[in-house]
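# Structural characterization, general
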There are 2 protein chains.
Amino acid sequence: MFNVSTRVQYGFLALLALADGDGKTPVRLGSIARDLHLSFKYLENIFQSLVKARIVRGTRGPEGGYVLERDPRSLSLYDIFRALEGPVFTVECFDEESACRHLALCPVRDLWGELRGSLEKFLKRRTLADIKSKYKKPVVLAHMEMFGVAGEETGKKESASI
Amino acid sequence: MFNVSTRVQYGFLALLALADGDGKTPVRLGSIARDLHLSFKYLENIFQSLVKARIVRGTRGPEGGYVLERDPRSLSLYDIFRALEGPVFTVECFDEESACRHLALCPVRDLWGELRGSLEKFLKRRTLADIKSKYKKPVVLAHMEMFGVAGEETGKKESASI
DNA sequence: CTATTTCCTAGTAAGTTGGTATGAAATATA
DNA sequence: TATATTTCATACCAACTTACTAGGAAATAG
C-alpha cells in the first residue's frame, strides 16, 4: 500500500511556506503552525528531520527560525520523502538482511524493481519550485483565507496544541 | 511509504503457480505452500480474500483446490492489490471522512492525485499473463530448484507451519 | 463413513504512525 | 547581564497495521 504520511504532507506544506519567503530572513515555526493550522510540536519534530537532511537550516532565539538550505529548483519530492520517512519503497526481497533466496529466479522480483523505478522517477521529477510555480498565491495566504482570520485555536481536527 | 506486503507478494506468487496449471483441475493450497515454502495457514488466509474478490474459486474435499476464476490476460496487478490490501493509495485529504478543508486551494492536493494516477496506471497495465510470459519456467519448478528437493520443513524463515 | 480440503471467525505479538512532553542550548534585545 | 524567545534533543505513548496462528465447521470424493 502507498500511504502519504502526515509527516510528508505537513512537511511539504511547511516547506512551500518557507519557499514563499525571500529565502534570507528565517521563518518561525510558530507562525507556520498557526497559519497552516498544524501542531507546533509535531512540526518541530518534522523539522528536526529536515535539519538532519540539510534541507533547512535553523537559527535559534528571537528573530530566529528556518530558511531553506537547498535550491527549491533542485529539491525534489523524493528528497523530502527520504528525509521524512526513510526508504520510499520497501519489499522483503530487496533489503539486505532478509534477502530472499530465490534471487534472479523469482518471477516477481523484477516486477517490484520496475515498480520502485517508476515511483522514484515520479518523485524525483517534481521539485519544490515546480509545485510552487503552479500556484499563484502564497500557500500561507491560501490557507488563511480558507480558515478565516487566524484565531487562538490551532492543531488539526479536535486537538489543540501549538 | 510504499510497501509491498507479504500478502501481495505471496498471493501473487501463488496465483502464478495457479496459472501454471491447465486452468481446469484444482490446485491444492497444501502443495503450493510446500513448493513455495510458505505458511499454509497464511496462504489459506490470503486465498479467502482472493475468493471474496472472485479472482479464484475453490472446491472442497479430496481432489479439491483452487482454480483461477478470471482470465490471466485481464487480471491486473492492481486487481490483486485491491483484493489483498484494500486501497492501494491513501492520503488523508482524499478519504471522505477526514476530507481536508482546503479543497481545491491546497497546493499539494493535485500532486497526490497525480501520484495516485501514476501508480494506478502502472499497476493496471501489468497482468498476470504478462508477468508469466516473461518466465519460461513454471514458478513452482523454479522455486523447487532453488530449494532442492521439497522436504518436511515449511513456512518462511525460522517459523515452521503447514 | 472417513479422509481430505476449503471456508469461517478469532486472536495476537511486533512494528509503524501520529503525535506529546520536558527540558537544554543558543541568541537578539534591553 | 538578564530575559524572552526560538530551535535542538531525547524520550515517551496510544492507536493502528502487519504478519501471521488457532480451532473448528462445512463440503465432497472414494
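What you are looking at is a predicted structure, and each value in this text was computed from that prediction instead of being measured.

## Structural notes on the protein's contact with DNA strand D
Taken together, 27 residues form the shell around DNA strand D, and within it A:R28, A:E44, A:Y66, B:S39 and B:K41 come nearest. Within 4 Å of the protein, the contacting atoms of DNA strand D are 68% sugar and phosphate, with bases supplying the remainder. In this structure, A:L29 approaches DNA strand D through a main-chain N or O atom, which is 2.9 Å from a phosphate oxygen. Contact distances for DNA strand D include 3.2 Å between a base oxygen and a backbone N or O atom of A:G61. Within the residue set of the surface near DNA strand D, elements represented by two or more residues are α3 (40-52), β2 (56-59) and β3 (65-68) of chain A together with α1 (6-20) and α3 (40-52) of chain B. By residue number, the principal contributor to the surface near DNA strand D is α3(A), which donates four residues. Among the residues making up the surface near DNA strand D, the classes are represented as nine nonpolar, 11 polar and seven charged.

## Considering the packing of aromatic side chains
We describe a pair of aromatic rings using the distance from one ring centre to the other and the angle between the two ring planes. The full count for this structure, using the stated rule, is 12 aromatic pairs over all chains. A ring pair is formed by B:Y10 and B:Y42, whose centres lie 5.9 Å apart and whose planes are at 85°; its orientation type is edge-to-face. Pair noted here: B:Y10 is in helix α1 and B:Y42 is in helix α3, with a separation of 32 residues, a long-range link. Taking the relative accessible area as the measure of exposure, B:Y42 reaches 27% and is therefore partly exposed. Each residue in the set A:F2, A:F12, A:F81, A:F89, B:F2, B:F81, B:F89 and B:W112 is aromatic and connected to the rest through ring pairs, giving one cluster. Between the NZ or CZ atom of A:R126 and the centre of the ring of A:F122, over which it lies, the distance is 3.9 Å. Across from the ring centre of B:Y78, 4.6 Å away, lies the NZ or CZ of B:K124, which sits over that ring.

## Quick notes on the protein's contact with DNA strand C
A:S39, A:K41, B:R28, B:E44 and B:Y66 are the nearest of the 26 residues found near DNA strand C. A:S39 has a polar side-chain atom sitting 2.8 Å from a phosphate oxygen of DNA strand C. For the surface near DNA strand C, the elements supplying multiple residues, two or more each, are α1 (6-20) and α3 of chain A together with α3, β2 (56-59) and β3 (65-68) of chain B. No other element matches the four residues that α3(B) contributes to the surface near DNA strand C. Its residues placed into classes, the surface near DNA strand C shows nine nonpolar, 11 polar and six charged.

## Quick notes on the environment of B:L77
Here B:L77 is to be found in helix α4 (residues 77-85). Residue class for B:L77 comes out buried when judged on its relative accessible area of 1%. Expressed as a C-alpha distance, the spacing of B:L77 and B:L123, which sit 46 residues apart in the sequence, is 5.1 Å. Not counting residues within four places of it along the chain, the set of residues in contact with B:L77 comprises A:L111, A:W112, B:F12, B:L123 and B:R126.

## What to know about the side chain of A:S49
Residues and elements named next belong to chain A. As for its position among the elements, S49 is in helix α3. Relative accessible area serves as the criterion here: at 18%, S49 is assigned to the buried category. Ignoring sequence-local partners within four residues, the contact set of S49 consists of R7, A83 and L84.

## Examining α1(B)
Residues lying three or four places apart along an α-helix face the same way, a consequence of the helix completing one turn every 3.6 residues. With 15 residues, α1(B) extends 21 Å from end C-alpha to end C-alpha; this agrees with the ideal 21 Å at 1.5 Å per step. Taken across its 15 residues, α1(B) has 13 buried, putting it largely inside the fold.

About the criteria used
Each chain has its residues counted from 1, following the order in which its sequence is written. By the order in which they are written, chains take letters starting at A while ligands take numbers starting at 1. pLDDT decides what is reported in this predicted model: residues at 70 or higher carry local features, side-chain atom pairs at 80 or more are listed and counted, and totals for whole chains, interfaces and linings draw on all residues regardless. Neither water nor hydrogens contribute to the side-chain values; these are computed over all heavy atoms in the structure. Near is defined per residue: the residue qualifies when any heavy atom it owns lies within 4 Å of the molecule or strand. Each polar contact in these results corresponds to two N or O atoms within 3.5 Å; when the atoms are within protein, one needs to be able to donate a hydrogen and the other to accept it, and residues that are neighboring in sequence are counted only if both atoms are side-chain atoms. Comment: elements are numbered from the N terminus, with helices defined as DSSP H or I runs of at least four residues and strands as E runs of at least two. In this classification, the charged set is Asp, Glu, Lys and Arg, the nonpolar set is Ala, Val, Leu, Ile, Met, Phe, Trp, Tyr, Cys and Pro, and all remaining amino acids, among them Gly, are polar. Pairing of aromatic side chains here covers Phe, Tyr and the six-membered ring of Trp, requires ring centres within 6.5 Å, and sorts the geometry by plane angle: under 30 degrees stacked, over 60 edge-to-face, intermediate tilted. A simple rule labels every residue: compare its accessible area, found with a 1.4 Å probe on the protein chains alone, to the largest value its type can have, and call it buried under 20%, exposed over 50%, or partly exposed in between. Definition used: whenever NZ (Lys) or CZ (Arg) falls within 6 Å of the ring centre and also within 35 degrees of the ring normal, the charge is taken to sit over that ring. Here a residue-residue contact requires only that any non-hydrogen atoms of the pair lie within 4.5 Å. Expected helix span is computed as 1.5 Å times (number of residues minus one).

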